[in-house]
Amino acid sequence: MDADMIILCDDVFLPGSKKEIDGGVAIADGQILNIGMRGDLSEYLGIETRVMEYHNSTLFTFGEAQGTQGANIAVVAGNKKRRQGKLDKTVGLRFLMYQGDVVYQKEVC
């Protein structure tokens, strides 16, 4: 299945673990197809797939509640600040997806 959108970041927090990877997330019809390393996402790349790359950003995924359609995704800037202390989830917000709908998106230059 081709993704509608692939979002790439320098750091991705994998759900349910404290592991960080350099990769992103593939999304189709508001659903997460895969969260993984860049090479893992290439199988979801299609002719009409929109690819967004946010440098110096961290991808967080939040609460894929059971029985709901969609995913909650936020991309925030400030990797170095995050390692020095608590980071507010809305600081430097670049992309926010809630229940399969894009709520906010800062255009990539």
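Residues numbered from 1 in each chain as written. Predicted model: local features only at pLDDT ≥ 70, side-chain atom pairs only at ≥ 80, totals over all residues. Heavy atoms only, no water.

Colleague: What exactly am I supposed to notice about the pairing of strand β2 (residues 20-28) here?
Modeller: Sheet faces and side chains relate simply in a regular strand, where the side chains alternate between the two faces. With seven of nine residues buried, β2 is to be regarded as a mostly interior element. The pairing of strand β1 (residues 5-13) with β2 spans seven bridges and is classified as antiparallel. Within β2, the position partnered with Val12 by the bridge is Ile21. Of the pairings in the sheet, the one linking β2 to strand β3 (residues 31-37) comprises six bridges and is antiparallel in character. (Buried < 20%, exposed > 50% of the residue type's maximum accessible area, 1.4 Å probe, protein only. Helix = DSSP H or I, 4+ residues; strand = E, 2+ residues; numbered from the N terminus. Pairing = 2+ DSSP bridges.)

Colleague: Where do I start with a negative patch on the surface in this structure?
Modeller: Together, Asp2, Asp4, Asp29 and Glu48 make up a region of like negative charge exposed at the surface. With respect to the secondary-structure elements, Asp2 resides in the segment before β1. (Patch = residues over 30% accessible without salt bridge, like charges linked within 9 Å, V, L, I, M, F, W, Y side chains within 5 Å. Areas by Shrake-Rupley, 256 points an atom, 1.4 Å probe, with all protein chains shown as cover. Salt bridge = Lys/Arg side-chain N within 4 Å of Asp/Glu carboxyl O. Lys, Arg positive; Asp, Glu negative; His and termini not counted. Charge placed at Lys NZ, Arg CZ, Asp CG, Glu CD.)

Colleague: Honestly, the nonpolar core in this entry has me stumped. Any pointers?
Modeller: Soluble, globular proteins show a tendency: their nonpolar side chains are buried together. Core analysis: the largest hydrophobic core is formed by 16 residues, its most contacted members being Ile7, Val25, Tyr54, Leu59, Ile73, Val75 and Phe95. Mapped by element, the contributors of at least two residues to this core are β1, β2, β3, β4 (50-62), β5 (72-77) and β6 (93-98). Broken down by element, this core gets its largest block of residues, four residues, from β1. Setting aside residues up to four positions removed in sequence, Val25 forms contacts with Met5, Ile6, Ile7, Ile32, Asn34, Ile35, Leu41, Leu59 and Ile73. In this structure, Ala3, Ile6, Leu41 and Tyr44 belong to the second largest nonpolar core, which totals six residues. (Core = buried A, V, L, I, M, F, W, Y, C linked by side-chain atoms within 4.5 Å. Contact = heavy atoms within 4.5 Å.)

Colleague: I keep staring at unusual backbone geometry and nothing clicks. Help me out?
Modeller: One can expect most non-glycine residues to show negative phi and most peptide bonds to be in trans. Positive phi outside glycine occurs at Asp29, with the angle close to 55 degrees. Position of Asp29 among the secondary structure elements: in the loop between β2 and β3. In this structure, Asn56 is a non-glycine residue whose phi angle is positive, near 50 degrees. Examined against the element boundaries, Asn56 turns out to sit in strand β4.

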